[in-house]
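Survey of secondary and tertiary structure
One letter stands for each residue in the lines below.
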Amino acid sequence: MKYQEYPLERTFLAIKPDGVQRKLVGEIIRRFETKGFTLVGLKILNVSRELAEQHYDVHKERPFFAGLVEFITSGPVVAMVWEGEGVVSSARKIIGATNPLAAEPGTIRGDFGINIGRNLIHGSDAIETAQREIALWFKEEEIANWEPTLMAWTRE
Ligand code: IDP
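Now for a look at the structure at hand. Nothing here was measured: the structure is a model prediction, and the numbers come from that model.

This next bit is on the pattern of salt bridges. This structure, assessed with the given rule, holds eight salt bridges. Residue Glu83 pairs with Arg10 through a salt bridge whose shortest N-O separation is 2.9 Å. Remark: Arg10 occurs in strand 1 (residues 8-15) and Glu83 occurs in strand 3 (residues 77-85); sequence separation between them is 73 residues. Of the residues examined, Arg10 reaches a relative accessible area of 25% and is grouped as partly exposed. Between Arg31 and Asp111 there is a salt bridge, and its shortest N-O distance comes to 3.0 Å. You can see Arg31 sitting in helix 2 (residues 25-35) and its partner Asp111 sitting in helix 6 (residues 108-112), a full 80 residues away along the chain. Given the relative accessible area of 15%, Arg31 is considered buried.

Quick look at the structure:
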């Protein structure tokens, strides 16, 4: 089967300022690469307050909202778009539970996280959320459409 014939999905992942400061960018990217997902968007940026507030809009009434926006805008974030079959839910499993203390060992938050307010990485929670977040963070021309060449060795 050709790559484009697979039911491909895209998700939005962002390594938060704590992950960048702790030099975990390579380690985190490696986990999604070795799982077999395809990186189609990648940039490092200082997040504006406006973007942070839009991104976390669903949490605007929550008590932690102000602190969360403060934190996300406090240092650079690595924003990414990943592609693959089932990538939205699979990436959430690789990331682990929101609270790193509850996250399973082997997950990113379980292995490296200590505190719910410093949980290293964001991942879209559903396909529709991913579409909204990708459009919010990336311009069309910042996404690279490409086809992995290892298809015969990674898919039946
Ligand atoms: P998720 O990132 O696992 O999808 P959400 O519930 O969508 O979790 O929360 C978004 C982010 O808000 C979390 O990743 C975390 O950084 C922050 N957050 C959530 N709950 C709390 C809290 O109780 N205290 C501080 N920060 C929180």
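Having seen the model, we can carry on.
Within the structure, the ligand sits among Lys16, Tyr56, His59, Phe64, Leu68, Arg92, Thr98, Arg109, Ile116, Gly117 and Asn119. Between Arg109 and the ligand, the recorded distance is 3.0 Å, taken from a side-chain N or O atom to an oxygen atom. Here the ligand loses 76% of its free accessible area of 530 Å² to cover by the protein chains. According to the grid-proximity analysis, the pocket containing the ligand is the largest pocket. Along the lines of polarity and charge, the residues of the shell around the ligand split into four nonpolar, four polar and three charged.

We now examine the layout of surface pockets. Roughly 560 Å³ of volume is contained in the largest pocket. Taken together, 24 residues line the largest pocket, and the ones lying closest to its centre are Tyr56, His59, Leu68, Thr98 and His122. Tallied by class, residues from the lining of the largest pocket come to seven nonpolar, ten polar and seven charged. Volume-wise, the second largest pocket comes out at about 180 Å³. The wall of the second largest pocket is formed by Glu33, Gly36, Phe37, Thr38, Leu39, Trp146, Pro148, Thr149, Leu150, Thr154 and Arg155.

What counts and how
- All residue numbers refer to position in the chain's written sequence, counted from 1.
- Only residues with pLDDT of at least 70 are given local features in this predicted model, and only at 80 or more are side-chain atom pairs given and counted; all residues enter the totals for whole chains, interfaces and linings.
- With hydrogens and water set aside, each side-chain value is computed from the structure's full complement of heavy atoms.
- One side-chain nitrogen of Lys or Arg within 4 Å of one carboxyl oxygen of Asp or Glu is enough to make a salt bridge.
- Helix and strand definitions follow DSSP, with helices as H or I runs of at least four residues and strands as E runs of at least two, each counted in order from the N terminus.
- Note on classification: 1.4 Å probe, protein chains only; a residue is buried when its accessible area is under 20% of the maximum for its type, exposed when over 50%, partly exposed between these limits.
- Near residues are defined by distance, with any heavy atom within 4 Å of the molecule or strand qualifying the residue.
- Polar contacts, as counted here, are pairs of nitrogen or oxygen atoms within 3.5 Å of one another; within protein the pair requires one atom able to donate a hydrogen and one able to accept it, and residues that are adjacent in sequence qualify only if both atoms are side-chain atoms.
- The Shrake-Rupley method, run with a 1.4 Å probe sphere, supplies the accessible areas, and residue values consider only the shown protein chains as cover.
- In the cavity and pocket records, a cavity denotes points on a 1 Å grid over the protein atoms alone where a 1.4 Å probe fits but cannot get out, a pocket denotes an open set with protein on both sides within 12 Å along at least 5 of 7 lines, and lining residues are residues with an atom within 4 Å of a point.
- Whether a molecule sits in a cavity or pocket is decided by its atoms, more than half of which must lie within 2 Å of the grid points.
- Three residue categories are used. Nonpolar comprises Ala, Val, Leu, Ile, Met, Phe, Trp, Tyr, Cys and Pro, charged comprises Asp, Glu, Lys and Arg, and polar comprises the others, including Gly.
- Grid points are joined across faces, edges and corners, and a volume is the space filled by probe spheres set on the points.

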